Amino acid sequence: MNPYVIAILLSSLGLGTTLTFASSHWLLAWMGLEINTLAIAPLMAQHHHPRAVEATTKYFLTQATAAAMILFASTTNAWMTGEWSIAHLSDPLANTTFMAALALKIGLAPMHFWMPEVLQGLDLLTGLILSTWQKLAPFALIIQTAQNIDPQLLTLLGVLSTLIGGWGGLNQTQLRKILAYSSIAHMGWMIIVIQYAPQLTLLALMTYIIMTSATFLTLKMSLTTKINTLATTWSKNPMLASTTALVLLSLGGLPPLTGFMPKWMILQELTKQNLPIIATTMALTALISLYFYLRLCYAMTLTVSPSTNNSTTPWRTQTTQTSLPLALFTTATLGLLPMTPAILMMTT
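In this report, we go over the structure that sits alongside the text. (Residues numbered from 1 in each chain as written. Predicted model: local features only at pLDDT ≥ 70, side-chain atom pairs only at ≥ 80, totals over all residues. Heavy atoms only, no water.)

### A short note on helix α17 (residues 340–347)
Phase 1: Along α17, the residues classified as buried are Thr 340, Ile 343 and Thr 347. The arc enclosing the buried residues of α17, seen along the axis, measures out at 60 degrees, which places them on a common side. In α17, the exposed positions that point more than 90 degrees away from the buried face belong to Pro 341, Met 345 and Met 346.
Phase 2: On its buried face, α17 sits against α10 (198–221) and α14 (260–272). (Buried < 20%, exposed > 50% of the residue type's maximum accessible area, 1.4 Å probe, protein only. Helix = DSSP H or I, 4+ residues; strand = E, 2+ residues; numbered from the N terminus. Arc of directions from axis to C-beta. Contact = heavy atoms within 4.5 Å.)

Below, the structure written as structure tokens:
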């Protein structure tokens, strides 16, 4: 694709998100989300592969449905209350419709069905944008309106997402689908705590973006999209394979890695709010997700000689990707846990 076109599309992505961040009027927020969707569609379909075009079509239809629901919810709210301001979302029907629309936008269960299919049809860099940048604008709106939305609905969405994100990833062999289910599970962690401590949702979103960026850039560096080709990474690049195993464990939320920090603080907040059953359920669903991360670690680091490995060794092609972003994101994914006391000071 022409570099000028890519520059225009990427700046439109930035503009759409910034517009949604800065808006206090429903129509402006909706416009920002629409600019976002229209800017990423050509990036998704740029390779002209049938799968990429199919993924783009699915993504466009789900996002258009969600945008129509947001417009319907904001119009209903304006009709009932006379207010177009985002802060004044007080009509119950508009509230529920709006939350359902944003759940569809970011792929929360049970509106998650498009996410694995779409991510599977994309290349890794576009998949990275879809999994990270595209979550920012909807989350800005959810955080602004979370206090008006039914707490039981938020809890249900959170628990369902972590459960389905864990179960769905268990049987997958495609890495992009596994990362899609990982994304659904992480979204559940963010939604469950948003009504009690929105700052923890922001913390979880930031750590999720860092960890997911490190994972996608690693897969791009090793040119891997399936578990059986992941098994040959060790012989190609042992250092990358060992750091990737740690990045995956960080995504699973194991101490002493960065991924443990948001989960620890969210469970602590849920316990403070007198919700021990929900906190226990969330901790148990994290174990389901941890299983498929461990499966990836096993395939990557424990199937080297003298163990048997039935996958065909691919050509050792040299990657042209710059390794600086990967190094920065990997370092952040592995080493930010000691910053927890400082973050606690800022969030309380």
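### Concerning helix α3 (residues 50–81)
Phase 1: Helix length check: α3 (32 residues) gives 46 Å between terminal C-alpha atoms against 46 Å at 1.5 Å per residue, within 8%.
Phase 2: Gly 82 occupies a position one or two residues after α3 and carries a positive phi of about 75 degrees. (Expected span 1.5 Å × (residues − 1).)

### Notes on the pattern of salt bridges
Phase 1: Under the counting rule described, the total for this entry stands at two salt bridges.
Phase 2: With its nearest N and O atoms 2.8 Å apart, the salt bridge here joins Lys 58 to Glu 54. Residue Lys 58 and its partner Glu 54 are both found in helix α3; the two are separated by four residues, about one turn of the helix.
Phase 3: Given the relative accessible area of 29%, Lys 58 is considered partly exposed.
Phase 4: For Glu 54, a relative accessible area of 42% gives the class partly exposed.
Phase 5: For Lys 177, the salt bridge identified is with Glu 117, shortest N-O distance 3.5 Å. (Salt bridge = Lys/Arg side-chain N within 4 Å of Asp/Glu carboxyl O.)

### Observations concerning the packing of aromatic side chains
Phase 1: Per the stated rule, a full pass over the model turns up four aromatic pairs.
Phase 2: Aromatic side chains Trp 26 and Phe 98 sit 4.6 Å apart centroid to centroid with 70 degrees between the ring planes, which places their arrangement in the edge-to-face category. Of the two residues, Trp 26 is situated in helix α2 (residues 26–44) and Phe 98 in helix α4 (residues 92–106); the sequence distance between them amounts to 72 residues. Exposure class is identical for Trp 26 and Phe 98. Each is buried.
Phase 3: Aromatic pair Phe 292 and Tyr 293: ring centres 4.9 Å apart, planes at 55 degrees, arrangement tilted. Across the pair, exposure class does not vary: Phe 292 and Tyr 293 are buried alike. (Phe/Tyr/Trp six-rings, centres within 6.5 Å; stacked < 30°, edge-to-face > 60°.)

### Some remarks on the packing of helix α8 (residues 151–170) against helix α15 (residues 276–301)
Phase 1: The interhelical angle for the contact between α8 and α15, taken along N-to-C directions, is 25 degrees, at an axis separation of 8 Å. Between α8 and α15, the crossing angle belongs to the class labelled roughly parallel. Classified by chirality, the crossing of α15 by α8 is left-handed. Of the residues in α15, those in contact with Thr 155, Val 159, Thr 162, Leu 163, Gly 165, Gly 166, Trp 167, Gly 169 and Leu 170 of α8 are Ile 278, Thr 281, Met 282, Thr 285, Ile 288, Ser 289, Tyr 291, Phe 292 and Arg 295.
Phase 2: Along the lines of polarity and charge, the residues of the contact of α8 with α15 split into nine nonpolar, eight polar and one charged. (Axes fitted to C-alpha atoms, helices over the stretch in contact; angles between N-to-C directions. Parallel < 35°, antiparallel > 145°, perpendicular 65-115°, else oblique. Left-handed = near helix turned anticlockwise from the far one by under 90°. Nonpolar A, V, L, I, M, F, W, Y, C, P; charged D, E, K, R; others polar.)

### Focus: the side chain of Thr 244
Phase 1: Among the secondary structure elements, Thr 244 is positioned in helix α13 (residues 238–252).
Phase 2: In contact with Thr 244, other than residues within four places in its own chain, are Thr 218 and Met 300.

### Points about unusual backbone geometry
Phase 1: Following Ala 109, the chain continues to Pro 110 via a peptide bond in cis, the omega torsion being 0 degrees.
Phase 2: A cis amide bond links Pro 255 with the next residue in sequence, Pro 256, at an omega value of 5 degrees.
Phase 3: Position of Pro 256 among the secondary structure elements: in the loop between α13 and α14.
Phase 4: Positive phi, normally seen in glycine, also occurs at His 48, with a value near 55 degrees.

### Describing the nonpolar core
Phase 1: Within the largest apolar cluster, 49 residues are counted, with the highest numbers of intra-cluster contacts made by Phe 98, Met 99, Leu 108, Ile 191, Ile 192, Ile 266 and Leu 270.
Phase 2: Excluding its chain neighbours within four sequence positions, the residues that come into contact with Leu 108 are Met 99, Ala 103, Leu 157, Ser 161, Met 187, Gly 188 and Ile 191.
Phase 3: Membership of the second largest hydrophobic core comes to 45 residues, among which are Ala 39, Tyr 181, Leu 217 and Leu 249. (Core = buried A, V, L, I, M, F, W, Y, C linked by side-chain atoms within 4.5 Å.)

### Points about the packing of α3 against α4
Phase 1: Running from N to C, α3 and α4 point in directions that differ by 160 degrees, and their axes come no closer than 8 Å. Comparing the axis directions of α3 and α4 gives the class roughly antiparallel. Classified by chirality, the crossing of α4 by α3 is left-handed. In contact with Thr 62, Gln 63, Thr 65, Ala 66, Ala 67, Met 69, Ile 70, Phe 72, Ala 73, Thr 76 and Asn 77 of α3, α4 contributes Leu 93, Ala 94, Thr 97, Phe 98, Ala 100, Ala 101, Leu 102, Leu 104 and Lys 105.
Phase 2: Partitioning the contact of α3 with α4 into residue classes produces 13 nonpolar, six polar and one charged.

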